Protein chains: 2
Amino acid sequence: MKSKYLAIYNEISKQIKSGELLPDSLLPSENELTDIYDTSRETIRKALNLLSQDGYIQKIRGKGSVVLNVNKFDFPVSGLVSFKEISQKLDNQVRTIVNELSLEKPSQSMKKQMQLSSTDLVWKVVRTREFDGQKVILDKDILVQNLIPDLTKEICADSLYEYIENKLNLTIGFSKKEIVVTEPTEEDRELLDLEGFSNVVVIKSYAFLDDATLFQFTESRHRPDKFRFVDFARRNH
Amino acid sequence: MKSKYLAIYNEISKQIKSGELLPDSLLPSENELTDIYDTSRETIRKALNLLSQDGYIQKIRGKGSVVLNVNKFDFPVSGLVSFKEISQKLDNQVRTIVNELSLEKPSQSMKKQMQLSSTDLVWKVVRTREFDGQKVILDKDILVQNLIPDLTKEICADSLYEYIENKLNLTIGFSKKEIVVTEPTEEDRELLDLEGFSNVVVIKSYAFLDDATLFQFTESRHRPDKFRFVDFARRNH
DNA sequence: TAGTGGTCTAGACCACAAT
DNA sequence: TTGTGGTCTAGACCACTAC
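Parameters and conventions
Residues numbered from 1 in each chain as written. Chains lettered and ligands numbered in written order. Predicted model: local features only at pLDDT ≥ 70, side-chain atom pairs only at ≥ 80, totals over all residues. Heavy atoms only, no water. Helix = DSSP H or I, 4+ residues; strand = E, 2+ residues; numbered from the N terminus. Buried < 20%, exposed > 50% of the residue type's maximum accessible area, 1.4 Å probe, protein only. Contact = heavy atoms within 4.5 Å. Areas by Shrake-Rupley, 256 points an atom, 1.4 Å probe, with all protein chains shown as cover. Near = heavy atom within 4 Å. Nonpolar A, V, L, I, M, F, W, Y, C, P; charged D, E, K, R; others polar. Axes fitted to C-alpha atoms, helices over the stretch in contact; angles between N-to-C directions. Parallel < 35°, antiparallel > 145°, perpendicular 65-115°, else oblique. Left-handed = near helix turned anticlockwise from the far one by under 90°. Polar contact = N/O pair within 3.5 Å; in protein donor to acceptor, adjacent residues only side chain to side chain. Pairing = 2+ DSSP bridges. Buried area = accessible area lost by both parts, 1.4 Å probe. Salt bridge = Lys/Arg side-chain N within 4 Å of Asp/Glu carboxyl O.

A. Main features of the overall build of chain A. Counting its regular elements, chain A contains eight helices and nine strands. Taking all 237 residues of chain A together, the buried fraction comes to 49%. Counted over contacts in chain A with a minimum sequence separation of 6, partners at least 24 positions apart contribute 60%. Split by element, the accessible area of chain A, about 12,200 Å² in all, is 47% carbon and sulfur.

Rendered as structure tokens:
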């Protein structure tokens with residue numbers, strides 16, 4: 001957050017989110033912003049391109065940068081957002097139950113995918129998420145012990161991401177995820193309040209650090225009525 | 001596609017997709033690429049940043065740009081991809097049935113969201129998608145007639161996107177979409193081969209042109225066993 | 001014609017990784 | 001210390017929009 005262009009990005013995005021800058025209005029031109037922020041045009045353009053990527057503005061050649069209607073986006077699970085961040089936004093009655101926390105030998109496929117040696121171990125974490133007294137999400141995590149030496153139930157009950165990023169100072173770089181709908185397993189029926197629902201939404205995701213090492217595999221299983229995914233996408237180049 | 005940085009992006013991404021550049025290997029450094037492509041470093045960096053955004057490479061400070069394992073990404077519905085593009089990739093036995101094509105007065109909420117005047121009309125298109133003889137997707141589209149004056153069943157049976165982009169020369173800029181799971185409606189049961197499935201996956205999406213005008217609303221209803229969504233995401237700034 | 005965003009350049013300094 | 005990517009600059013020319 002030290003760089004100029006990120007500071008400009010943050011300031012303008014805040015103004016858009018707060019309503020200070022109204023949808024359909026135009027931002028000052030790039031030349032004007034150059035004066036306002038006392039910087040070069042390329043630096044302004046870096047900030048504006050970020051805003052465009054994230055759906056805050058649309059740049060139109062010859063006209064300017066239009067502010068987009070951002071409030072419809074509420075609850076973006078797109079991008080990488082942890083459960084704790086989501087629940088804070090929702091301001092809901094939310095609770096996490098740690099069902100299991102253990103050190104195990106990785107399965108053959110895990111060992112291969114995570115490029116582990118024969119002696120490496122992995123953490124297995126199983127957690128249930130409760131909204132308004134109902135168990136609606138089952139999270140199963142596999143983490144490499146190399147990178148995360150110690151793990152306690154307390155950490156898991158709070159936020160794994162927060163611990164990894166703030167305490168261990170590891171930076172999460174990118175993730176791949178896949179969403180499918182399947183029949184519930186015995187484990188799902190046991191640990192979730194399925195209430196007769198005959199399907200669960202499964203989000204499998206691989207999380208990588210900044211240096212491209214895989215460090216976490218997550219399977220997040222949702223009761224279908226409590227699942228929602230919102231996405232903003234720009235057309236391919 | 002005239003710009004240097006896009007040409008460089010295309011060349012390198014092609015090399016990665018073809019396997020000419022192997023996963024976990026390093027790209028030439030930015031300075032070397034500057035010589036190879038006879039351009040400035042900022043132009044190289046624009047190309048590399050695109051590759052990074054799209055999940056082809058990971059840039060690591062002090063080391064270089066690592067090629068990522070891209071073949072696991074198969075079938076990215078993320079980003080904006082049309083049904084025709086997907087089916088070509090899948091190389092499947094695929095058929096589109098046009099159930100309905102009509103010009104209608106927009107509903108009140110549509111009129112508001114699309115900023116239409118009282119006399120404007122919208123196209124309503126209902127299509128069923130058949131994979132291997134089974135009707136598994138129901139697509140319901142609303143398009144503003146202002147922008148798309150003529151529409152025929154033939155066009156709808158082929159590809160709306162192709163017609164819009166190639167024939168009408170409109171550029172699709174970005175989209176917002178939402179994914180939820182619900183119970184099937186009467187229409188779903190009628191037009192799809194649900195085979196006892198008690199849920200459908202609903203993808204609602206708004207498509208906007210390059211100048212930020214909303215021109216299409218789509219509701220795509222999938223049989224759950226045939227639904228799959230793959231996403232690549234970078235951590236928020 | 002004037003103003004907008006899109007591309008490109010040649011140089012500079014910095015933070016970080018490998019040695 | 002050398003080489004890497006990350007940021008920033010001041011200037012240039014272009015394509016498009018509005019007038």
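B. The protein's contact with DNA strand C, seen in detail. Close contacts around DNA strand C come from 24 residues, with R41, E42 and R45 of chain A together with K4 and T39 of chain B the closest. The sugar-phosphate share of atoms of DNA strand C within 4 Å of the protein amounts to 68%. If you list the elements that add at least two residues to the surface near DNA strand C, you get helix 3 (41-53), strand 1 (57-60) and strand 2 (64-67) of chain A together with helix 1 (4-18) and helix 3 (41-53) of chain B. When residues in the surface near DNA strand C are grouped by element, the largest group, four residues, is from helix 3 of chain B. Broken down by class, the residue content of the surface near DNA strand C amounts to two nonpolar, nine polar and 13 charged.

C. Just the packing of helix 1 (residues 4-18) of chain A against helix 3 of chain A, in detail. All names here are of chain A. Between helix 1 and helix 3, whose axes approach to 8 Å, the crossing angle comes to 50°. Relative to helix 3, the element helix 1 lies oblique. Taken as a pair, helix 1 and helix 3 cross one another with a handedness that is right-handed. Across the interface between the two elements, K4, Y5, L6, I8, Y9, I12 and S13 of helix 1 pack against T43, I44, K46, A47, L48, L50 and L51 of helix 3.

D. Molecular detail of the protein's contact with DNA strand D. Of all residues adjacent to DNA strand D, which total 24 residues, the nearest are K4 and T39 of chain A together with R41, E42 and R45 of chain B. Of everything in DNA strand D that lies within 4 Å of the protein, sugar and phosphate atoms constitute 68%. Here R41 of chain A contributes a side-chain N or O atom positioned 3.4 Å from a base nitrogen of DNA strand D. T43 of chain A places a side-chain nitrogen or oxygen 3.0 Å from a phosphate oxygen of DNA strand D. Of the residues forming the surface near DNA strand D, the biggest block, four residues, is contributed by helix 3 of chain A. Partitioned by chemical class, the residues of the surface near DNA strand D number two nonpolar, nine polar and 13 charged.

E. Representation of the sheet that holds strand 5 (residues 134-144) of chain B within the structure. The seven strands lie next to each other as 9(A)-6(B)-7(B)-8(B)-5(B)-4(B)-3(B), forming an open sheet whose pairing is antiparallel. Pairing within the sheet leaves two strands with one partner each, and these edge strands are strand 9 (229-234) of chain A together with strand 3 (94-104) of chain B. On average, adjacent strands in this sheet sit at an angle of 15° to one another, irrespective of strand direction. Summarising the sheet, strand 9 of chain A and strand 6 (residues 172-182) of chain B pair through six bridges and their orientation is antiparallel. In the strand pairing of strand 6 of chain B, R234 of chain A is matched with F174 of chain B.

F. A look at the interface of chain B and chain A. With 50 residues of chain B in contact, the opposing surface of chain A contributes 50 residues. Buried area between chain B and chain A, both sides added, is near 4,300 Å², and the carbon and sulfur share of it is 50%. Among the residues of chain B in contact with chain A, K176, R235 and H237 of chain B are the three that bury the most area, contributing 18% of the side total. The tally of links from chain B across to chain A stands at two salt bridges. The salt bridge partner of R228 of chain A is E178 of chain B, with a shortest N-O separation of 2.3 Å. Applying the counting rule to chain B against chain A returns 11 residue pairs in polar contact (both at pLDDT 80 or more).

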